[in-house]
Amino acid sequence: MAGELSPATLDQIAQSAAHSEIAHFRWKQRGVGPAGYIKGMALVYARVYGKLKTGDAAASEMAKADTGDEAHDALAWYREIFAAAGMRNEAAGADTLRRLFVLLIGLGMRESSGRCCEGRDRSASNTTAETAEAGLFQTSFNARTASPLLPTLFAQYSAHPSGFVEVFTEGVRCSPRDLENFGDGPGMEFQRLTKACPAFAAEFAAVGLRSFRKHWGPINRREAEVRPECDDMLSEVQAAADASAEA
């Protein structure tokens, strides 16, 4: 995939993330995430950061400056919370991309407790292929209408499903109930891919957060936590990626 680092650099990033402060942080009402969650998100961020440097359209959408559109853009909706944490997103680029991933990591803990194979919320009535939620961020197929970039990501990852699932599943038990998908056709395949390819789930949700933040209840209620420790960890990922590129 575009922006991919060497296996040695990816291993270095995963190990650094595993020993970061955020890897052992106790999230509100969720506790410490699975062993592979922060490692996996660090690897996805490294991939997307590399894509940003190549001008990738989806990565550029993620990294655009705060739009000021609180009704659609999660970074605008969270502006005061980011500012209180010493993070501003007024300029497009790597800093804003990193802060989006800070929010995305908090959302993943809130939605699924960091479990990449999380099935739909059984207390909800969303059981069609269009509406059944799945994966780390409990996203449903109907979110794809928010941006033309989302169907493109779905097609790209369907063709090349490299999603670091072997990392994300560390410390996670996936039951048959978790892996059950609903409906048929592309919507059912979306659910399957979201759980089997966590990098896809992350990139899809990251683009969605910039244009369709109302899809996620924890974002609407501002329950997804923004942690400076997460920004610190992702800064180290950037540094490792930059050092690898220079070498």
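See the structure shown above.
Conventions we followed
- Residues numbered from 1 in each chain as written.
- Predicted model: local features only at pLDDT ≥ 70, side-chain atom pairs only at ≥ 80, totals over all residues.
- Heavy atoms only, no water.
- Phe/Tyr/Trp six-rings, centres within 6.5 Å; stacked < 30°, edge-to-face > 60°.
- Helix = DSSP H or I, 4+ residues; strand = E, 2+ residues; numbered from the N terminus.
- Buried < 20%, exposed > 50% of the residue type's maximum accessible area, 1.4 Å probe, protein only.

K.L.:
Lay out the packing of aromatic side chains in plain terms, naming residues and giving numbers.
P.N.:
Applying the stated criterion to the full structure yields twelve aromatic pairs. When the ring of F141 is compared with that of F154, the centres are 5.6 Å apart and the planes differ by 65°; the resulting orientation is edge-to-face. Taken together, the residues F141 in the loop between α6 (94-112) and α7 (149-159) and F154 in helix α7 connect sequence positions 13 residues apart. Each ring, one from F154 and one from F200, has its centre 5.9 Å from the other, and the planes form 35°; the classification is tilted. Here F154 is found in helix α7, whereas its partner F200 is found in helix α11 (residues 198-209), with 46 residues between them in sequence. Pair check on accessibility: F154 and F200 agree, each one buried.

K.L.:
Talk me through unusual backbone geometry; I want residue IDs and the actual numbers.
P.N.:
Note: most residues except glycine have negative phi, and most peptide bonds are trans. Residues other than glycine seldom take positive phi values, yet S113 does so here, at roughly 60°. Structurally, S113 can be placed in the loop between α6 and α7. Phi is positive for F164, close to 60°, though the residue is something other than glycine. You can see F164 is positioned in the loop between α7 and α8 (165-168). On the basis of relative accessibility, which here comes to 8%, the residue F164 falls in the buried class.

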